[in-house]
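Structural description and commentary
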Amino acid sequence: MTQVYRLLVINPGSTSTKIAIFDNEKLVLEETLRHSCEELEKHTTIFDQYEFRKNIILEILNEKGINITKLNAVVGRGGLLKPIQGGTYRVNEKMLDDLKKGVLGEHASNLGGVIANEIASQLNIPSFIVDPVVVDEMEDIARVSGMPEIERKSIFHALNQKAVARRFAKEKRKRYEDINLIIAHLGGGISVGAHRKGKVIDVNNALDGEGPFSPERSGGLPVGDLMKLCYSGKYTLDEIKKKIKGNGGLVAYLGTNDGRKVSSMIEAGDQRAKLVYEAMAYQISKEIGSLSTVLEGEVDAIILTGGIAYDKEFVSWIKERVEFISEVIVYPGEDELIALTEGGLRVLRGEEEAKEYL
Ligand SMILES: Nc1ncnc2c1ncn2[C@@H]1O[C@H](COP(=O)(O)OP(=O)(O)OP(=O)(O)O)[C@@H](O)[C@H]1O
Ligand SMILES: CCCC(=O)O
């Protein structure tokens, strides 16, 4: 008889915590726990939210009649750790320490490993993280920025990009390790990665002013003008940071981070909204085009994923510009909960060894 593993998976986002219970690949329960600004503002740092988020996860599981003593493992979305290879990592002391300290900064996903560990350790079961945002498989040539003091970094939607890459490979009956893909995750942040034979050899740092602008982020900017703005005396460091991440992109131009609202504005005849939204598609297409040179033109498919990939018109703007490079596949939304589950299952089933964070 096939062994059934029951997993709790936890994906903390900036305004919500998504959780699910899986019996092997079968979804048993999925909940999105939304957190109001008032609830979150009570905590000084993102890390301080950990007790609050853990408690509401346990409360909802209890309410839904889930007996957590039957769990075999807990898997959390990993955070801003030191750069690491893709895969499933056992949560260890070093990782917890780095997540708590925020070695590479604060991000809601820093809470994934910490909460997973807290719940799992009480039950004497293992806890893991899978493909955190710091997965770094970049080639050395991609790290060179043009200024020796600054090295390009790999920070992106690794979990979803890797998940849709594996999904595509499976559908085509190929191995992820045998194909080349360009994947654009179109969410609140936007990352576009070149996947060569199972490794993301180049990708824009989606958290820190690289690549296309996005619903909430400015993306790459003309450096000279940015410098002048920084030294203009008009803004504090925190204000500039917020203009780049949080209040950049669609928020800055159109006052909303919601692609659906922008579509409605366009339908109502708003020409500025049309220009800005099309410009976002244009910048994404340029990024895809530039990565096609990284893969020397050998691109098995271009995949568009994330929330904005639900928008058919937006997708058609990108398709028109990049279809000459390769077939364009659209997987709207994200496969993150199942991706966390599959990462945990590969280890529990002995198909992959859990990596150690050092
Ligand atoms: N049907 C739709 N049409 C247009 N935009 C949409 C649609 N559905 C979702 N979106 C947009 O997708 C974006 C959010 O995408 P997603 O849910 O992938 O991001 P997130 O999880 O909040 O952030 P990230 O993916 O960067 O971690 C928002 O701008 C949202 O308005
Ligand atoms: C950089 C990946 C995650 C995010 O957009 O916050």
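If you look the protein chain up in an unreviewed UniProt entry, it shows as Probable butyrate kinase from Proteiniborus ethanoligenes. Per UniProt, the protein chain carries the Sequence similarities (unreviewed entry) text "Belongs to the acetokinase family." Check the Catalytic activity (unreviewed entry) section of the UniProt entry for the protein chain; it says "butanoate + ATP = butanoyl phosphate + ADP".

Focus on the site of ligand 2
Taken together, Val133, Ile155, Phe156, His157, Gly187, Gly188, Gly189, Ser191, Ala206 and Leu207 form the complete shell of residues around ligand 2. Of the residues that constitute the shell around ligand 2, the class distribution is five nonpolar, five polar and no charged.

Points about the domain arrangement of the protein chain
Per the domain assignment, the segments of the protein chain are domain 1 (6–136 + 336–356) and domain 2 (158–332). The C-alpha centroid of domain 2 is placed 26 Å from the C-alpha centroid of domain 1. Taken together, the contact between domain 1 and domain 2 spans nine residues of the former and six residues of the latter. Residue classes in the side of domain 1 that touches domain 2 are distributed as five nonpolar, one polar and three charged.

With respect to the packing of helix H11 (residues 271–294) against helix H12 (residues 312–322)
Geometry of a packed helix pair, given as the angle between the helix axes and the separation of the axes. Put simply, H11 and H12 touch, their axes get as near as 9 Å, and they point 40 degrees apart. Here H11 lies oblique to H12, going by the angle between them. The handedness of the crossing between H11 and H12 is right-handed. Every residue of H12 that contacts H11 at Tyr277, Glu278, Ala281, Ile284, Ser285, Ile288 and Gly289 is listed here: Phe314, Trp317, Ile318, Arg321 and Val322.

Here's the deal with the sheet that holds strand E12 (residues 301–306)
Taken in spatial order, the five strands line up as E11-E10-E9-E12-E13 in an open sheet, and their pairing is mixed. Of all strands in the sheet, those bounded by a partner on one side alone are strand E11 (199–203) and strand E13 (328–332). The average angle at which neighbouring strand axes cross in this sheet is 25 degrees, direction not considered. Strands strand E9 (180–186), strand E10 (190–196), E11, E12 and E13 of the sheet are contacted by helix H6 (residues 158–171), whose axis makes an angle of about 130 degrees with E9. The strands touched by H11 within the sheet are E9, E10, E11 and E12, with E10 carrying the most contacts at an inclination of about 20 degrees.

What counts and how
- Residues numbered from 1 in each chain as written.
- Chains lettered and ligands numbered in written order.
- Predicted model: local features only at pLDDT ≥ 70, side-chain atom pairs only at ≥ 80, totals over all residues.
- UniProt positions renumbered as here; feature names shortened; annotations may be inferred.
- Near = placed C-beta within 6 Å.
- Nonpolar A, V, L, I, M, F, W, Y, C, P; charged D, E, K, R; others polar.
- Domains from an automatic or database assignment.
- Contact = placed C-beta atoms within 7 Å.
- Axes fitted to C-alpha atoms, helices over the stretch in contact; angles between N-to-C directions.
- Helix = DSSP H or I, 4+ residues; strand = E, 2+ residues; numbered from the N terminus.
- Parallel < 35°, antiparallel > 145°, perpendicular 65-115°, else oblique.
- Left-handed = near helix turned anticlockwise from the far one by under 90°.
- Pairing = 2+ DSSP bridges.

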